[in-house]
Amino acid sequence: MSAEPILELKDVHSGYGSIKALKGISLKAYPGEILAIIGANGAGKSTTLMTICGIVHPDQGEIFYKGKKINKIPAQKLPPMGLCQVPEGRRIFPRLTVEENLILGAFYRNDRAGIDKDMEHVYSLFPILKERSRQQGGTLSGGEQQMLALARALMTKPEVLLLDEPSLGLAPIIVQSIFDIIADINKNSDTTIILVEQNANLALQTAQRGYVLETGRITLEDDAESLLNNADIRKAYLGE
Amino acid sequence: MRQEYKKIWKNYAVGMAWLLGLLWPMLGIHPDGTLTFHRTLTVWLYIFAGSLICVLFYITKKSRILSGVTDPLVNGAGKLSDISKALPTSVWMVLLFVFLLVYPLVNGRYAIDVAISVLLYVCLGMGLNIVVGLAGMLDLGYIAFYGVGAYTYALLNVAYGLSFWLCLPLAGCFACIAGCLVGYPTLNMRGDYLAIVTMGFGEITRIVLNNWMSLTNGPNGILGIKPISILIPTFHNTMSFETFWVKKLNVLYYFVLILAVISVIAVTRLRNSRIGRAWESIREDETAAELMGVNTFRYKLLAYAVGAVFAGLAGAFFAARMRFVSPESFTFIESCMVLCMVVLGGMGSIPGIVLGVIVLIALPEVFRQFALYRMLVFGAAMIIIMLFKPDGLIPAKRLKIQAQYEKKGETDTNVS
Amino acid sequence: MDYFIQQLVNGLTLGGLYALIALGYTMVYGVIFLINFAHGEFFTAGGYIGVIALSYCIAHGYTQTHPFLCLAGAFSLAMIYSAYLAVGVEKIAYLPLRGSRLAVLLSALGMSIFLQNGMMLTQGVMDKAYPGELFEGGFSFGMVTISYLQIMIITMTVLLLFGLNRLVYKTKIGMAMRATAQDKTMSALVAIGSNNIISLTFAIGAGLAAAAGVMVGLYYGSVHYDMGFNLGMKAFCAAVLGGIGNITGAMLGGLIIGLVEVFGAGYISGQYKDVFAFIILIGVLYYRPTGIMGENIDETRV
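This one's a predicted model, so the numbers in the text were calculated from it and none came from an experiment.

### Some thoughts on the pattern of salt bridges
If you walk through the whole model with that rule in mind, you get 24 salt bridges over all chains. A salt bridge links Arg321(B) to Asp113(B); the nearest nitrogen and oxygen atoms lie 2.9 Å apart. Of the two residues, Arg321(B) sits in helix α13 (residues 296-322) while Asp113(B) sits in helix α5 (residues 109-134), which places them 208 residues apart along the sequence. Exposure remark for Arg321(B): the relative accessible area of 16% places this residue in the buried category. You can call Asp113(B) partly exposed: its relative accessible area is 28%. The partner of Glu90(C) in a salt bridge is Lys91(C), with the nearest N and O atoms 3.9 Å apart.

What follows is the structure, given as structure tokens:
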């Protein structure tokens, strides 16, 4: 693990309107790792990701990406810099076809050859999407939609990929295959992955390191392994 | 802070450049094939100077450069509002009422005329508030009910000589029927589809009034409507009744005032009733309301009907006051005006609507001397008010009302 | 029969014009859920710029030497001007109010009044006559006459509609427009600047309306400062009839409203022609509350 973090949050306060969901978050993500952020409902996990991606701008604190401050950069300028999010609930474009969804993932890119190559690549990762490429996104099943959302994010050529609850509402068998693919993406293309999950067990098994978020604050930071073995964590998040 | 100002100035500069580009083709290219710049630049410089003052004012206010001057003023205003709060609401109500009673005695004909318009529109605004503000249904054809009320009185009076007081309930009744007729087919539509269909009904009403020559005399309108009459008992030898025609504006003013006060009270009472809560639940979430057992069909129809009754009553007064009706008074833009009054003042808030009416009626009157620029300023004012006060001038305070109620409930239990 | 065909041609011409205006309403509604009351004024502005440009050309005698160039110039100037106007209007009056549906509706109404009076002040209250000599004559088949102007209008309308369809359904920008309409946050997450897309939508809608403005000016012979209101209202009905937010629906709705109006005026009563359009609208919405091709949009409450 290199010493320079690729993404760093320093004492970030943020939230929607007058409700402050984050009350001073500091975290670091190092290149090539899988980082898990776990926490209960309303702990501020999704807000953390939305703040990193510029959908919500922090009221206080700083966000650094590759050493550059990105606090005030509008959301649509971040994917070209290599920062991409798969938000909670997939949010594919329901009335666009699968193929159009994927093309929009590469919206900012103009290298046609590269796009075609990446398209082939994601189709090889998710063969089911190729079968359904002419179908409207809204007609896919939940698992297929999650795959589409992941594939669309890959089309932006991310260096840091933020995943918000990829297991939400999916059957356990599909969840396992999604997580396998996430681990593959991380391994094969050296993409840094920040994984936000309520399913703490699965997240910590996939990740190398983890943060625990409680009511807008980081309460614990450790290796994934130690977190998995931590008695408090097991009690609070793993239902033991 | 500094960056913010930079942004304001930048936007301002871009805006003014945009305006210049917009003005020149309209003013500088002439049909005789010449190009001029002089007139464009003059107009542009006027606008530039005017808006520059506004921007400077805005920035000084924001940056508090003049805080030494403005702070005492703000404090003074704060103290005033403290004093006003110190007096109970009832005192204010009495003062307001006295003012309204005295108003026609101290003002001229023109001012009373404007005041009657304001009061009629308050009544309309109250009715529309039920449909839009409480039940959450966007209605762009509301003025049609006003027209139905006005034509009811006009036709019955001119053709059959029925008196105003007989026609007034009939006008309300016919408007109510019209409301149900419009409401019934539109009840399964939502949002903007509803808006466009009500607009369609409004236009149909106007076009029918305009073209049904044998009944309504078409665009020429109906002349010779009798004013309001009152029977006054006289005692010459035996008691008899003498008809007194209300031709004087200040007497009419009191009648319209009574109507407006009744409508304000009625809407307040309705809002805090079971029906009002049903309407508000429909506004917030129709599906949820239905699942909670609110008969949305019935309450939506009721909202239309009640709203229409207010418009119908106001319409009868309108006909009696003008003594002339024509379809020109009931165009789509009038519907928009009433909607503007409701939204501009603050949807659902009664003082807000009254203020909205005053602003929209009085503003064009104030600018009457600049006849040409009147509507231009009017449009600009609407945009600016919305930009700075998107919730309206006096937003509704439902939560506060509830809190007061709860407090009252507590004291009640303490007493018992 | 001849009469029927004649009415059909007239109806198609008018329907095409309605469709062009309706598209602006429907596209704007599709991306920001706003009934853009000022859209009729973009249409009028286009009509005025068209007559200004054509008069200028005539004064210099260009229409004699290059008639088609003049016409193309007038069309493109009008379209560019209206697009330019629309983008500015959006930035000033709508962008700061996004998220508050009634406030932005009122702002749009105010903008409509403002622009209408602005045009009255700069162009005068009188009708402005279009030079009529550009399109004289036409084909005659028995009793049916199709003027060159009608042919031009129908061809131009078809071309514009076809071009728009290509743009929206075949290009990346079109995809981005549809994506923005569906989910603005997610669009931002895939690097689509939704504000730019919304501006573009306004520009395209206003451009189409301006083209319609020039054609209406040529067709009826003059433009007037408040003509955008009446035509705009009917075009809006067309958009709703087709299912607001749906581009194909707007084209279909425009044609239906145009045909109904012309046939209603021709066979039933000329005075009530506006009523027929509204009755069709109400009738269709009664059975299909979201228009002919519309989807169920539940979030569009007041």
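### Quick notes on the interface of chain C and chain B
Between chain C and chain B, the residue contacts involve 63 residues of the former and 64 residues of the latter. Summed over both sides, the interface between chain C and chain B buries roughly 5,500 Å², with carbon and sulfur atoms accounting for 76% of that surface. At the junction of chain C and chain B, the tally comes to zero salt bridges. Those elements that place two or more of their residues in the side of chain C that touches chain B are α2 (39-59), α4 (67-94), α5 (101-123), α10 (227-242) and α12 (273-287) of chain C.

### A few points about the domain arrangement of chain B
Each domain of chain B was delimited in the assignment, giving domain 1 (2-72) and domain 2 (120-372). Look at where the C-alpha atoms of domain 1 of chain B and domain 2 of chain B centre, and you get two points 41 Å apart.

### Thoughts on a nonpolar patch on the surface
All names here are of chain C. Taken together, Met 1, Tyr 3, Phe 4, Ile 5, Leu 8, Leu 12, Leu 255, Tyr 267 and Ile 268 make up a surface patch of nonpolar side chains, about 860 Å² in accessible area. Elements represented by at least two residues in the nonpolar patch include exactly α1 (2-32) and α11 (247-268). The element best represented in the nonpolar patch is α1, accounting for five residues. Mapped onto the elements of the fold, Met 1 is located in the segment before α1.

### A few points about the interface of chain C and chain A
Taken together, the contact between chain C and chain A spans 18 residues of the former and 26 residues of the latter. Between chain C and chain A the total buried area reaches about 2,000 Å² when both faces are included, carbon and sulfur atoms providing 68% of it. By the criterion of area lost to chain A, the three top residues of chain C are Lys172(C), Gln182(C) and Leu189(C), representing 31% of everything that side buries. Note that Arg178(C) and Glu100(A) form a salt bridge whose closest N and O atoms lie 2.8 Å from each other. Our count for the contact surface shared by chain C and chain A stands at five residue pairs in polar contact (both at pLDDT 80 or more). Put simply, the parts of the chain that give the side of chain C that touches chain A at least two residues each are α7 (172-182) and α8 (184-189) of chain C. At six residues, the largest contribution of residues to the side of chain C that touches chain A is made by α7(C). Residue composition of the side of chain C that touches chain A, grouped by class: 10 nonpolar, four polar and four charged.

### Some thoughts on the environment of Lys128(C)
Residues and elements named next belong to chain C. Looking at the secondary structure, you find Lys 128 in strand β1 (residues 128-129). Taking the relative accessible area as the measure of exposure, Lys 128 reaches 23% and is therefore partly exposed. Taking the C-alpha atoms as reference points, Lys 128 and Tyr 48, separated by 80 residues in sequence, lie 8.0 Å from one another. For Lys 128, the contacting residues outside a window of four places in its chain are Tyr 48, Val 51, Gln 123, Gly 221, Ser 222 and Val 223. Of note is the side chain of Lys 128, whose polar atom sits 2.7 Å from the side chain of Gln 123.

### A look at unusual backbone geometry
The backbone phi angle of Arg90(A) is positive, close to 65°, even though this residue is not glycine. Along the chain, Arg90(A) falls in the loop between β6 (83-86) and α2 (98-105). Given a relative accessible area of 13%, Arg90(A) falls into the buried group. In this model, Arg323(B) sits at a positive phi of 60°, which is unusual for a non-glycine residue.

### Remarks on the packing of helix α1 (residues 2-28) of chain B against helix α2 (residues 38-63) of chain B
When two helices pack together, their arrangement is given by the angle between their axes and by how far apart the axes lie. Residue and element names in this part refer to chain B. Viewed as axis vectors pointing N to C, α1 and α2 meet at an angle of 160°, and their least axial separation amounts to 10 Å. Relative to α2, the element α1 is oriented roughly antiparallel. As α1 packs across α2, the resulting crossing turns out to be right-handed. Considered class by class, the residues forming the contact of α1 with α2 number 20 nonpolar, four polar and three charged.

### Considering helix α3 (residues 112-125) of chain A
The first and last C-alpha atoms of α3(A) sit 20 Å apart over 14 residues, in line with the 20 Å expected at 1.5 Å per residue. Taken residue by residue, α3(A) has Gly114(A), Ile115(A), Asp118(A), Met119(A), Val122(A) and Tyr123(A) as its buried positions. Residues of α3(A) that are buried make contact with α2, α4 (127-131) and α5 (142-154) of chain A together with α7 of chain C.

### Quick notes on α2(A)
A large share of α2(A) lies buried, amounting to six of its eight residues. Among the residues of α2(A), those classed as buried are Val98(A), Glu100(A), Asn101(A), Leu102(A), Leu104(A) and Gly105(A). Among the structural elements, α3, α4 and α5 of chain A together with α6 (148-170) and α7 of chain C are those in contact with the buried residues of α2(A).

### Focus on the pairing of strand β2 (residues 138-141) of chain C
Residues and elements named next belong to chain C. As defined by bridge partners, β2 adjoins strand β3 (residues 144-147) across four bridges and the pair is classed as antiparallel. In the sheet register, Gly 138 faces β3, and the bridge partner there is Ser 147. Hairpin geometry of β2 and β3 is characterised by an intervening segment of two residues between the two adjacent antiparallel strands and by a positive phi of about 60° at Gly 142.

### Quick word on the packing of aromatic side chains
Counted according to the given criterion, the structure contains 30 aromatic pairs over all chains. With a centroid separation of 5.9 Å and 65° between ring planes, the pair formed by Phe99(B) and Tyr103(B) is classed as edge-to-face. One end of the pair is Phe99(B) and the other is Tyr103(B), both in helix α4 (residues 89-106) and four residues apart, which spans about a single turn. Ring geometry for Phe332(B) and Phe37(C): centres 6.2 Å apart, planes at 40°, overall tilted. Note that Phe332(B) is positioned in helix α14 (residues 332-345) and Phe37(C) in the loop between α1 and α2, a pairing that runs across two chains. For Phe332(B), a relative accessible area of 4% translates into the label buried. Through successive ring pairs, a cluster of aromatic residues spans Tyr153(B), Phe164(B), Trp165(B), Phe255(B) and Phe317(B). The ring of Phe93(A) carries the charged tip of Arg152(A) above its face, separated from the ring centre by 5.1 Å.

Cut-offs used in this document
- Residues numbered from 1 in each chain as written.
- Chains lettered and ligands numbered in written order.
- Predicted model: local features only at pLDDT ≥ 70, side-chain atom pairs only at ≥ 80, totals over all residues.
- Heavy atoms only, no water.
- Salt bridge = Lys/Arg side-chain N within 4 Å of Asp/Glu carboxyl O.
- Helix = DSSP H or I, 4+ residues; strand = E, 2+ residues; numbered from the N terminus.
- Buried < 20%, exposed > 50% of the residue type's maximum accessible area, 1.4 Å probe, protein only.
- Contact = heavy atoms within 4.5 Å.
- Buried area = accessible area lost by both parts, 1.4 Å probe.
- Domains from an automatic or database assignment.
- Patch = residues over 30% accessible without salt bridge, like charges linked within 9 Å, V, L, I, M, F, W, Y side chains within 5 Å.
- Areas by Shrake-Rupley, 256 points an atom, 1.4 Å probe, with all protein chains shown as cover.
- Polar contact = N/O pair within 3.5 Å; in protein donor to acceptor, adjacent residues only side chain to side chain.
- Nonpolar A, V, L, I, M, F, W, Y, C, P; charged D, E, K, R; others polar.
- Axes fitted to C-alpha atoms, helices over the stretch in contact; angles between N-to-C directions.
- Parallel < 35°, antiparallel > 145°, perpendicular 65-115°, else oblique.
- Left-handed = near helix turned anticlockwise from the far one by under 90°.
- Expected span 1.5 Å × (residues − 1).
- Pairing = 2+ DSSP bridges.
- Phe/Tyr/Trp six-rings, centres within 6.5 Å; stacked < 30°, edge-to-face > 60°.
- Lys NZ or Arg CZ within 6 Å of the ring centre and 35° of its normal.

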